[in-house]
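# Topology and contacts: notes
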Amino acid sequence: MMSGDNLQRVIDAMSDGVYITDGNGVTVTVNKAYERISGIPRKVLVGLHMSEVVNRGYISRSVSLEVLKEKGPVTLTQTIGDDHKILVSGTPMFDRQGRLEYIVTTVRNVTELLQAKRAEEQLEQILQVRENYSGREARDPFVISRATQQCYDLAKRVAPTAAKILIKGETGTGKTLLARTIHDYSAVAQGPFIEINCAAMPESLLEAELFGYEPGAFTGASQKGKTGLLEAANNGTLFLDEIGDLPLSLQAKLLKVVAENRFIPVGGTQFKRTNLRLVSATHHNLRELVQAGAFREDLLYRLSVVPLELPPLRERTEEIEALLNHYLHHFNCKYELDCRWHRDVIDLLCRYPWPGNIRELINLTERLVVTAEQSLITTAQLPREMRADNGMGRVGVSLKEQVEALEQQLIEQALERYGTTRQAAAALDIDQSTLVKKQQRWRAQQKANDVTQNEEVESDDVRKRR
Ligand SMILES: Nc1ncnc2c1ncn2[C@@H]1O[C@H](COP(=O)(O)OP(=O)(O)OP(=O)(O)O)[C@@H](O)[C@H]1O
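Residues numbered from 1 in each chain as written. Predicted model: local features only at pLDDT ≥ 70, side-chain atom pairs only at ≥ 80, totals over all residues.

## Considering the overall build of the protein chain
Assigned secondary structure in the protein chain consists of 20 helices and 16 strands. Long-range pairs, those at least 24 residues apart, make up 60% of the contacts in the protein chain between residues at least 6 apart in sequence. (Helix = DSSP H or I, 4+ residues; strand = E, 2+ residues; numbered from the N terminus. Contact = placed C-beta atoms within 7 Å.)

Laid out in structure tokens, this is it:
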């Protein structure tokens, strides 16, 4: 048998309130949860008859008195204190002779339960709103210049029609984001948005992915068959990225789907109907591919009823600063940091040609944020090829500075290729000591620049604090 002390420890460990009276309705003990829910200390209650607990106004009704009357389990609600509603369930415990020995009552705070339920409902509503919100607004681009705005305006205008859209643009320019926006503003926005990269898999796999297959269509095929994306995207949007890489045999099959809205799965004999919004994208010049015999002209015309072009980031320079700030804020929040761009970094990055476009900008920002040793990000932290700009070819920069920048770039390239100052100097046909002296001078200049940048920001901080 458990001792009184141990029993008390066990009931104290319970999250529901527990109230125990003897067979006459005199309080034996309560647990910690009961003290918390009722706000009444145990020592006040122990030894009190339940009628006295009610008379003193601690509780509105006593379930133990009801159990005494009924000689059976009773559940009722009580009010405790000001307006706390609790749900109490009293259970009689009889000894071997059938005499009522204890009444054990468990207590649940209904107010807490209701609050929890309300919180749960609120959470559900928030999630629902967020879902709806992200379904439309969040897929609009965050940063937009006039050139991109025109592209997005046209996309939203044609999105509700059935016209096929072909998006042209280099990698990382935002083609997928634009395709999602078209889906969000289309008549099938409630349906699925399915994306497939036609350059990412071999022909036979791509065919099975797109068209699906019947059970046992080929060796290794699943016994259940497979639903193709053309079917999965029914009443939604199918985004065919890198359409220029679609093999010719699949182009013929796709042409049939575009023309007739139906297709036959691999190994099948029956047509399946599909109703989907087709958006395609490519970084290739499809006209050149047509001329080279690698892309069907009839498919090109079918797919590009409305052609849209996303310019590369180097032609959207007015977006760069806003994008840098947007993603710096994004990664600061993600990693709970407080990094800032030095003005020179922004100026330098606005002149950088960004071959990987926005994706490259995002990756660079994340890398600089997570590797930053101080909150100020200076030009010293930029990769070498970005720092190498140094103002070359810019109006207002002296010839001497531009020649020096070119010299620095050539020496850095030689060092990268040959690994040692001796070999690099030999390749450039200069003395090793000349190369080393130049390097030392540039390093000293870079250090001085960094110190000036830091001082500028520190004095800026002091001004702000004042
Ligand atoms: N205007 C914009 N403002 C902010 N972020 C953008 C903008 N456009 C694109 N992005 C972001 O840039 C990244 C690259 O965009 P996206 O994947 O759409 O490019 P893509 O052209 O489809 O690339 P790929 O051809 O390599 O698939 C994504 O993280 C996207 O959210």
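## Brief notes about the environment of Gly228
When you line up the elements, Gly228 lands in the loop between β9 (226–227) and α10 (229–232). Of the residues examined, Gly228 has 20 C-beta atoms within 10 Å and is grouped as buried. Residues Gly228 and Pro265, spaced 37 residues apart in sequence, show a C-alpha to C-alpha distance of 7.5 Å. Every residue in contact with Gly228, bar those within four places of it in the chain, is listed here: Glu209, Leu210, Phe211, Gly212 and Pro265. (Buried ≥ 20, exposed ≤ 12 C-beta atoms within 10 Å, placed from the backbone.)

## Some remarks on the nonpolar core
One finds Ile167, Leu178, Leu230 and Leu238 to be the most contacted residues of the largest nonpolar core, which totals 39 residues. Among the elements that make up this core, the one with the highest residue count is helix α9 (residues 203–211) (four residues). Ignoring any residue separated from it by four or fewer positions in sequence, one finds Ile167 in contact with Lys175, Leu178, Ala179, Val279, Ala281, Leu308 and Leu310. In this structure, Val30, Tyr34, Ile59 and Val67 belong to the second largest nonpolar core, which totals 18 residues. (Core = buried A, V, L, I, M, F, W, Y, C linked by C-beta atoms within 7 Å.)

## Quick word on the environment of Asn31
Relative to the assigned elements, Asn31 resides in the loop between β2 (27–30) and α2 (32–38). When sequence neighbours within four positions are dropped, the list of residues in contact with Asn31 reads Ile11, Asp12, Met14, Gly17 and Val18.

## Thoughts on the pairing of strand β13 (residues 277–282)
Two faces belong to every sheet, and in a regular strand the side chains alternate between them. In terms of burial, β13 is largely enclosed, as six of its six residues are buried. Residues of β13 alternate between two faces, with Arg277, Val279 and Ala281 on one and Leu278, Ser280 and Thr282 on the opposite face, all of them buried. Of the pairings in the sheet, the one linking strand β6 (residues 165–168) to β13 comprises four bridges and is parallel in character. The partner of Lys168 across the bridge, within β13, is Thr282. As paired elements, strand β10 (residues 237–241) and β13 share four bridges and run parallel to each other. Looking at the pairing, Leu240 lines up with Ser280 of β13. (Pairing = 2+ DSSP bridges.)

## Observations regarding helix α16 (residues 357–371)
Counted at 1.5 Å a residue, the expected span for α16 with its 15 residues is 21 Å, and the 21 Å between its end C-alpha atoms agrees. Those residues of α16 lying buried are Asn357, Ile358, Leu361, Thr365, Leu368 and Val369. The buried residues of α16 occupy an angular sector of 115° when the element is viewed end-on, so they sit on one face. Projecting away from the buried face of α16 at angles above 90 degrees are the exposed residues Val370 and Thr371. The secondary structure elements touched by the buried residues of α16 are α14 (317–335) and β16 (376–377). (Expected span 1.5 Å × (residues − 1). Arc of directions from axis to C-beta.)

## Comments concerning the sheet that holds β10
Read across the open sheet, the five strands follow the order β7-β10-β13-β6-β14; overall the sheet is parallel. Because the sheet does not close on itself, it has two edges, and the strands there are β7 (193–197) and β14 (306–309). Taken over all neighbouring pairs, the strand axes of this sheet differ in orientation by 20° on average, direction set aside. (Axes fitted to C-alpha atoms, helices over the stretch in contact; angles between N-to-C directions.)

## Thoughts on unusual backbone geometry
A positive phi angle, close to 55°, is found at Asn261, a residue other than glycine. Residue position: Asn261 is located in the loop between α11 (248–260) and β11 (262–263).

## A short note on the packing of α14 against α16
Packing of α14 against α16 brings their axes to within 9 Å, and their N-to-C directions diverge by 45°. Considered as vectors, α14 and α16 are oriented oblique to each other. As α14 packs across α16, the resulting crossing turns out to be right-handed. Here α14 contributes Leu323, Leu324, Tyr327, Leu328, Phe331, Asn332 and Tyr335 to the contact with α16, which in turn contributes Ile358, Leu361, Ile362, Thr365, Glu366, Val369 and Val370. For the contact of α14 with α16, the per-class residue count stands at 11 nonpolar, two polar and one charged. (Parallel < 35°, antiparallel > 145°, perpendicular 65-115°, else oblique. Left-handed = near helix turned anticlockwise from the far one by under 90°. Nonpolar A, V, L, I, M, F, W, Y, C, P; charged D, E, K, R; others polar.)

Everything listed here is a matter of coordinates, which is why it stays silent on function.
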